[in-house]
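Overview (structure and organization)
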Amino acid sequence: MKTIKSIWIIVIISAISAIFFNQLNLTKLPKELVRDHETVTTADDNSYLRPAINFNTTGVWKNGMQGTISYFLRPPGYGAIYYLALQISQNHPLVVIKILQVLLFSISVYCLYFIAFSLIKNHRLALLVSIIYGIFPIASNFLFYTLTEGVAPALLIFYIFFLLKAQHQQPQKTKLIYLTIAAILFAILFAIRPVLGIFIGLIPIFIFLSFKHLKQKILYSLIFVTIGYNLMGLWQYRNYKITNQYVGLNPIYFADNNSIYRPTFQEFWNLPLGWAEDGSKVHSYMLPFWENTIKGDTSKIYIDAIINNFPEYVQHYFGKQRLTNVLTNYQQSILVQKDYYDKDIPIPLTPIPQETKTVEQIKALVNAYKHKFWFTYYVVAPIKVYIKMGLHSNLSLHIFQETYRGLFFMETLRWVSFLIHSSCFIAIFLTLFNYKTTQKSHYFLYFLTFIYLIYLCYFQRGIEERYTLPVLSILLIALVSSLNSIYQFLIIKK
């Protein structure tokens, strides 16, 4: 009873902490970065919110872009939440969104305690995990944003919570009820943040470890995995009916996209990520290149700016002339796009010869780089990305990075957060080596979390801290669990 009272106190303080830091951040942001005095404005807002706004007024789910891509640029999950907010309050949907996201975050702190206790078997340490996650401002930075990170971390926690509840139930009927809830939560999560789809693997794992008979294991796995995939399956079917083709989970490069996100940029992106270039830096020289060319300015200074940002060994290996020729052709392909861009019409779905030529040239650069600098591409770069993912404070709010930066209390907060966050990315390795004493279902939870991180650093590579936020709760459990194991080992050794 005392522990339950403690966790509810932590939940309440977590809500207060989240509201305080995020509201303070809003007051310190430049006005142009705040939407309707309520949320932080981002470049992705329109693509997430506009479909819900259009559906509310016209009954058609699409954003304001031209072309077929406007029907499915983003998965529908977060937009559906905004649509719900619009139904609750037409005048103040952003207020509803903020309240909902703070509530989900606070309840997730409660659920996280039970997940941590299930994995660590220590009430005090489970409370410690909840305190770090909930009260310490390391996990609540996106609650006043209209981005998937405002809800995805909480939904992943709920999903794991109900899987563990199912595992611990003896009556089969109760077990199946909890599994159903978990599968539905995953379906919602998958429709919000498809990259988290890897965690569907927890359903068959928990089922195989919870039921005795093989037929039950197979049957229930098929049923609940199907439930988990049903929303995304319906979304993909709808998109197929519109386009007569499978558009994928992240169709940002769909053929009629009349923005920078063309096949040329998709292929170019693979080149600087080969040496683990930061995504924001790539955008810092590619956006001016595209924006000026689409206006008709093909000055060589934009090409030189790109090449000069490449490492010297890359410039030397390819030669500036070859790189210049490729980027000049890239400019020419943008000029073809300009004809459609100026008329504000979608680009035809048929391939553009100039783009196809440029894509092949860039692909040749990427393949040559992989062949010549294979160790950098396949080993060094992913390790660098993994280090980048871990070695920061995870305090992204303006007040932490700008307003109060340099003040003693802020630097202390940043350093403590840095130590906690970076240690989490070490601890996940330690949990993987502890497989002999870790319960199988718990071990697979850590393992899938690690696989998700490997996906980010090896395949995606364009890292932002919000990509790792959904699994921060599991990483914190891994950290506290590892520290406890080390402590117990030292005590026994003495």
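Computed from a predicted structure; not experimentally measured.

Definitions and cut-offs
- Residues numbered from 1 in each chain as written.
- Predicted model: local features only at pLDDT ≥ 70, side-chain atom pairs only at ≥ 80, totals over all residues.
- Heavy atoms only, no water.
- Helix = DSSP H or I, 4+ residues; strand = E, 2+ residues; numbered from the N terminus.
- Buried < 20%, exposed > 50% of the residue type's maximum accessible area, 1.4 Å probe, protein only.
- Contact = heavy atoms within 4.5 Å.
- Areas by Shrake-Rupley, 256 points an atom, 1.4 Å probe, with all protein chains shown as cover.
- Lys, Arg positive; Asp, Glu negative; His and termini not counted.
- Charge placed at Lys NZ, Arg CZ, Asp CG, Glu CD.
- Polar contact = N/O pair within 3.5 Å; in protein donor to acceptor, adjacent residues only side chain to side chain.
- Axes fitted to C-alpha atoms, helices over the stretch in contact; angles between N-to-C directions.
- Parallel < 35°, antiparallel > 145°, perpendicular 65-115°, else oblique.
- Left-handed = near helix turned anticlockwise from the far one by under 90°.
- Nonpolar A, V, L, I, M, F, W, Y, C, P; charged D, E, K, R; others polar.
- Arc of directions from axis to C-beta.

1. Digging into the overall build of the protein chain
Helix and strand counts for the protein chain come out as 21 helices and two strands. Seen along its three principal axes, the alpha-carbon backbone of the protein chain occupies a region of about 70 × 60 × 55 Å. Here the protein chain holds 494 residues, and the buried ones make up 53% of them. Considering only contacts in the protein chain between residues 6 or more positions apart, those separated by 24 or more positions represent 72%. Carbon and sulfur atoms make up 64% of the accessible area of the protein chain, which totals about 23,200 Å². Once the 42 positive and 23 negative side-chain charges of the protein chain are each reduced to a mean point, those two points are 16 Å apart.

2. Considerations on the side chain of S47
In this fold, S47 is placed in helix 2 (residues 45–58). According to the relative accessible area criterion, S47 is buried, its value standing at 10%. Looking at S47, its side chain comes within polar contact range of the main-chain oxygen of D44, at 2.8 Å. At 2.9 Å, the side chain of S47 forms a polar contact with the side chain of R74.

3. So, the packing of helix 11 (residues 279–293) against helix 14 (residues 320–342)
When two helices pack together, their arrangement is given by the angle between the helix axes and by the axis-to-axis distance. Closest axis-to-axis distance for the helix 11/helix 14 pair is 9 Å, and the angle between their directions is 50 degrees. Considering their axes alone, helix 11 and helix 14 lie oblique with respect to each other. For the pair helix 11 and helix 14, the sense of crossing is right-handed. When helix 11 is examined against helix 14, the residues M286, F289, W290 and T293 are found in contact with a partner set consisting of L327, Y330, Q331, I334, L335, Q337, K338 and Y341. Across the contact of helix 11 with helix 14, the residue classes tally to eight nonpolar, three polar and one charged.

4. Some words on helix 12 (residues 300–309)
Every buried residue belonging to helix 12 is among Y302, I303, I306 and I307, and all of these are buried. Angularly, the buried residues of helix 12 cover 135 degrees about the axis, an arc narrow enough to put them on a single face. On the buried face of helix 12, the contacting elements are helix 10 (263–269), helix 11, helix 13 (312–318) and helix 14.

Honestly, that's just the spatial picture; any functional story needs more than this.
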